[in-house]
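Here is what each chain is made of, one letter per residue.
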Amino acid sequence: MSHKIGTRTEISDPTAPAITVQNLHKSFRLPTEQTFGLKQAIFNRLRGIKGYREQKVLKGLDFVVNQGEFLGIVGRNGSGKSTLLKILAGIYYPEKGNVTINGTLVPFIELGVGFNPELTGRENVYLNGALLGFSNAEMDKMYDDIWKFAELEDFQDQKLKNYSSGMQVRLAFSIAIRARGNILLLDEVLAVGDAAFQQKCNQYFESLKDNHQTVILVTHSMENVRRFCTRAILIDDGKIVKDGKPDKVANAYLKLWS
Amino acid sequence: MAIPRVLNRRNRILLKELTKTDFKLRYQGSVLGYLWALLRPLMMFAILYVVFAKLLKIGGDIPHYPVYLLCGTTMWSFFTECTSQGIQAIVNRGDLLRKISFPKYIVVVSATLTAVINMLINLLVIIIFALINGVTPSPTWLLAIPAIFELYLLSLGLAFLLGSINVKYRDITSIWDVLVQALFYAVPIIYPIAMVASTSEIAAKIILMNPISQAIQDIRFGLITTETITAWNYLASPVTIIPPLLVVTFLIFGAVVFRRKSKFFAEEV
């Protein structure tokens, strides 16, 4: 089994763009049989069946994200947005093409990565913090702020399984916003919690925009694209079909259905 | 996975926190909690002791036989726990792999470190039992350290190799379970190697060429009694190199395969 591999390079150059993507391709091999395993693999080999079907997800993307840009990535479900984000984050390997990341990149593919229902809120905070790159000492310092922001101070020693899903997301978000990096990758993390908490989230995004933080945001909310982004990209069927002002891209997105 | 950043700050933090979590979760929800780390091998020892030392009367002429047996079973448990946890680590931590980018070996190492902690606690018990049993402390105890380390490296090599195949072919977990059962009888834990040597010297030599046997016998030699038959005092001089050579081979081969396959774990897991 041979995979062709593109490159993902990390550099640190204050004068260069934050992210450069050149001719990025990615496809997945989807198994055609339901059962995984050695038996199936041997059978397939004997019968000369491939046992998988190639699904092209990204078909040659080219774009540059400048420092300080708040870039929105929009597109329908299955258009390849999340795959792109995962390649930028270094979770998936580019199949063809080059990705260059300039500086430290903090990905939030999902909130509360590593959260374990059997552990207490306190233990989960330290675990999630470690996954974001914080040491215990650093977590100690921001520990109280995390709980205060999440408005969950009374639940610190409860197991996470006793939290409502809204509470879990609030806690996760509260940890996530402490992360510092040159580039933030956010996948659908807005629109969590109740109205009051939503307010806090919006403030956080406003502050990112005001501080000229480089952000890449994958979202379905055109309201958020118009409100926070300085630029947007519309991806359809693995290709960039529109790149430019948030307003224009949002309109193009809405036209996909008309 | 370039060499300079193998254990950078972020990876160290991750390794520490994941190991802590693994250890906590292992005994989560049980009344006796961490005590099980001690109780499990002790119970296995009790069963084997009654069956083999008392009923079948094996090992009569080995000094301090009960501790000798306990030492063997503990190290065997260490090996099996290390490998089985290590092999399943990538699959068990699949959710993490799909959401953040980090060197994948950390997941395997953190899973095996839980086994290391358990083994160290049990080592303390062995030492206490040995002292009660009349073993006198001696500098040879230090010989156990490299042997335990060797056993760990072997487990790690196997975990890397089989763990990376297990991502795609989950059959590995079941195959390894059966293989471990068979291996148990191929290693002189419950029977003294001298018993084999008295019927067939060749068989005894082959058994000692297995790095697991070699390491366990060396640990017993160091900790319990210098009358232990070991690979280096029983095998001819050039053959002695085989067990450690096997360990190095498994470790390098495992690491190379793991490194090549790890790029696609996030997609395949």
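Everything that follows concerns the structure shown earlier in this document.
Residues numbered from 1 in each chain as written. Chains lettered and ligands numbered in written order. Predicted model: local features only at pLDDT ≥ 70, side-chain atom pairs only at ≥ 80, totals over all residues. Heavy atoms only, no water.

Asks: I'd like to hear about the overall build of chain B, residue by residue, with values.
Replies: A tally of regular secondary structure across chain B gives 13 helices and 0 strands. Listing every helix and strand of chain B by position from the N terminus yields α-α-α-α-α-α-α-α-α-α-α-α-α. Taken against the 2.2 N^0.38 rule, which gives 18 Å for 269 residues, the C-alpha radius of gyration of chain B at 19 Å falls within 12% of a compact globule. Along the first, second and third principal axes, the C-alpha atoms of chain B reach 55 × 45 × 35 Å. Burial statistics for chain B: of 269 residues in total, 52% are counted as buried. (Helix = DSSP H or I, 4+ residues; strand = E, 2+ residues; numbered from the N terminus. Rg over C-alpha atoms; globule rule 2.2 N^0.38 Å. Buried < 20%, exposed > 50% of the residue type's maximum accessible area, 1.4 Å probe, protein only.)

Asks: Just give me the short version of the pattern of salt bridges, but keep the residues and values in it.
Replies: Scanning the entire structure with this criterion turns up 19 salt bridges over all chains. Between Glu-206 of chain A and Arg-227 of chain A there is a salt bridge whose closest N-O contact spans 3.4 Å. Of this pair, Glu-206 of chain A sits in helix H6 (residues 195-210) while Arg-227 of chain A sits in helix H7 (residues 222-228), placing them 21 residues apart in sequence. Its relative accessible area of 28% is what places Glu-206 of chain A among the partly exposed residues. Overall, Arg-227 of chain A belongs to the partly exposed group, its relative accessible area being 34%. Of the charged contacts, one joins Glu-81 of chain B and Arg-26 of chain B as a salt bridge, the two residues approaching to 2.8 Å between their closest N and O atoms. Of this pair, Glu-81 of chain B sits in helix H3 (residues 65-92) while Arg-26 of chain B is found in helix H1 (residues 9-26), placing the two residues 55 residues apart along the sequence. Residue Glu-81 of chain B is classed as buried on the basis of its relative accessible area, which comes to 12%. Residue Arg-26 of chain B is classed as partly exposed on the basis of its relative accessible area of 26%. The network of salt bridges with shared partners includes Glu-69, Arg-231 and Asp-243 of chain A. (Salt bridge = Lys/Arg side-chain N within 4 Å of Asp/Glu carboxyl O.)

Asks: Describe in detail the nonpolar core, supporting the description with residues and values.
Replies: Inside soluble globular proteins, nonpolar side chains tend to come together where they are buried. Trp-76, Phe-78, Ile-90 and Ile-212 of chain B are the most contacted members of the largest nonpolar core, which totals 84 residues. Here this core takes 14 residues from H3 of chain B, the largest share from any one element. If sequence neighbours within four positions are ignored, Ile-90 of chain B has contacts with Leu-97, Lys-104, Val-107, Val-108, Val-167, Phe-258, Phe-265 and Val-269 of chain B. Formed by 46 residues, the second largest nonpolar core is a distinct cluster that contains Phe-115, Met-142, Phe-173 and Ala-252 of chain A. (Core = buried A, V, L, I, M, F, W, Y, C linked by side-chain atoms within 4.5 Å. Contact = heavy atoms within 4.5 Å.)

Asks: With reference to specific residues and values, describe a positive patch on the surface.
Replies: Residue and element names in this part refer to chain A. A contiguous patch of positive charge, built from Lys-242, Lys-245, Lys-248 and Lys-255, is present on the exposed surface. With respect to the helices and strands, the residue Lys-242 is situated in strand S10 (residues 239-244). Residue classification places Lys-242 among the partly exposed residues on the basis of a relative accessible area of 35%. (Patch = residues over 30% accessible without salt bridge, like charges linked within 9 Å, V, L, I, M, F, W, Y side chains within 5 Å. Areas by Shrake-Rupley, 256 points an atom, 1.4 Å probe, with all protein chains shown as cover. Lys, Arg positive; Asp, Glu negative; His and termini not counted. Charge placed at Lys NZ, Arg CZ, Asp CG, Glu CD.)

Asks: Account for the side chain of Thr-83 of chain A, with residues named and values stated.
Replies: All names here are of chain A. By the element assignment, Thr-83 lies in helix H2 (residues 81-89). Take Thr-83: its relative accessible area is 11%, and that puts it in the buried class. If near-sequence neighbours (up to four positions away) are discounted, Thr-83 is found in contact with Lys-26, Phe-28, Val-57, Leu-58 and Tyr-92.

Asks: Outline the packing of aromatic side chains, listing residues and values.
Replies: The description of an aromatic ring pair uses the distance of the two centres, along with the angle that the planes make with each other. Under the counting rule described, the total for this entry stands at 19 aromatic pairs over all chains. With a centroid separation of 6.3 Å and an interplanar angle of 20°, the aromatic rings of Phe-78 of chain B and Tyr-152 of chain B are classed as stacked. Of the two residues, Phe-78 of chain B is situated in helix H3 and Tyr-152 of chain B in helix H6 (residues 144-166); the sequence distance between them amounts to 74 residues. Tyr-152 of chain B carries the same exposure label as Phe-78 of chain B, and that label is buried. An angle of 50° between the planes, with centres 4.8 Å apart, marks the rings of Phe-160 of chain B and Phe-258 of chain B as tilted. You can see Phe-160 of chain B sitting in helix H6 and its partner Phe-258 of chain B sitting in helix H12 (residues 242-261), a full 98 residues away along the chain. No difference in accessibility class separates Phe-160 of chain B from Phe-258 of chain B, as the two residues are buried. Directly above the ring of Phe-149 of chain A sits Lys-200 of chain A, whose terminal nitrogen or CZ lies 4.8 Å from the centroid. Lying across the ring of Tyr-68 of chain B, Arg-220 of chain B places its NZ or CZ 3.9 Å from the centre. (Phe/Tyr/Trp six-rings, centres within 6.5 Å; stacked < 30°, edge-to-face > 60°. Lys NZ or Arg CZ within 6 Å of the ring centre and 35° of its normal.)

Asks: How would you summarise the state of the cysteines if you had to cite specific residues and measurements?
Replies: For the structure shown, the criterion picks out 0 disulfides over all chains. Here Cys-71 of chain B is not cross-linked by a disulfide; its sulfur's nearest cysteine counterpart is in Cys-82 of chain B, at 16 Å. (Disulfide = S-S within 2.5 Å.)

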